[in-house]
Amino acid sequence: MYNIDDIKATLKIRLSKKRFTHSINVADAAVRLAEKWGADKDKAYIAGLVHDICKEIPHQEQLIMARKSGFELTADEEAAPPLYHAPAGAYYARSVLGITDSDILGAIRFHTIGTENMSLLEEVIFLADLISEERDYKDAPKMRRLAFEDKDRAILEALRFQLPDVIGKASYLPAHTVKAYNHYLRIYLQKEDR
Ligand SMILES: [Fe+2]
Ligand SMILES: [Fe+2]
């Protein structure tokens, strides 16, 4: 579909060794999750590789790219520089790497903040970023297990962990993350009801 070696060569130039490894690990985790949940494995690998491709350029450059991504940025995102790299990555993927698949672009765009009603591929990349092999936060083993047992629940747990963190830093809550939380909570509660 796309030339993986070319993408990896570009990643090597643009990313530190640590983030290059992270990207490879996310791509590998994404393929395993895609296999489990029935998403496209090739697309998952590419989206995983590319998701952080703009993370190490200046925020100002990221913002310029993010605004050209074709995805609307919410006001809270504009106020949060650490979020720029995701829509910027979607822009880079499309305009430089020639990736036109809207699902891959969406998965890159929403990998940090999530959103409601994510596609399977978007869900896979959101989770793969949290369970990649080098992740060593306290609940990583639990998240790894949950991501393969119940992906909706895993996303909900991730958001329950993510939202207080945003509040703790006195940053704006991304509207997409709030919508994602409500969406995945609804799924969880509906399952509980049955
Ligand atoms: Fe990221
Ligand atoms: Fe990442």
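None of the values given here were measured: they were computed from a predicted structure.

1. What about the overall build of the protein?
The secondary structure content of the protein amounts to 11 helices and 0 strands. Relative to the globule expectation of 16 Å for 194 residues, the C-alpha radius of gyration of the protein, 16 Å, shows essentially globular dimensions. Each of the three principal axes of the protein carries a C-alpha extent, and together these read 50 × 35 × 30 Å. Per-residue burial for the protein yields a buried fraction of 41% across its 194 residues. The long-range fraction of contacts in the protein, counting pairs at least 24 apart against all pairs at least 6 apart in sequence, stands at 61%.

2. A word on unusual backbone geometry
In this structure, Asn 117 takes a positive phi of about 50 degrees despite not being glycine. Secondary-structure assignment places Asn 117 in the loop between helix 7 (102–109) and helix 8 (120–131). In this model, Ala 170 sits at a positive phi of 55 degrees, which is unusual for a non-glycine residue. Relative to the assigned elements, Ala 170 resides in the loop between helix 10 (151–168) and helix 11 (175–193).

3. A few points about the environment of Asp 103
Inspection of the secondary structure puts Asp 103 in helix 7. Between the C-alpha atom of Asp 103 and that of Ala 93, which follows or precedes it by 10 residues, the distance is 12 Å. The residues contacting Asp 103, other than those within four sequence positions of it, are Lys 43, Ser 119 and Leu 121.

4. Looking at the environment of Ala 93
Position of Ala 93 relative to the elements: it lies in helix 6 (residues 85–95). With 28 C-beta atoms packed within 10 Å, Ala 93 lands in the buried category. Along the backbone, Ala 93 and Ile 104 are 11 residues apart, and their C-alpha atoms lie at a distance of 8.9 Å.

Rules used in this analysis
- Residues numbered from 1 in each chain as written.
- Chains lettered and ligands numbered in written order.
- Predicted model: local features only at pLDDT ≥ 70, side-chain atom pairs only at ≥ 80, totals over all residues.
- Helix = DSSP H or I, 4+ residues; strand = E, 2+ residues; numbered from the N terminus.
- Rg over C-alpha atoms; globule rule 2.2 N^0.38 Å.
- Buried ≥ 20, exposed ≤ 12 C-beta atoms within 10 Å, placed from the backbone.
- Contact = placed C-beta atoms within 7 Å.

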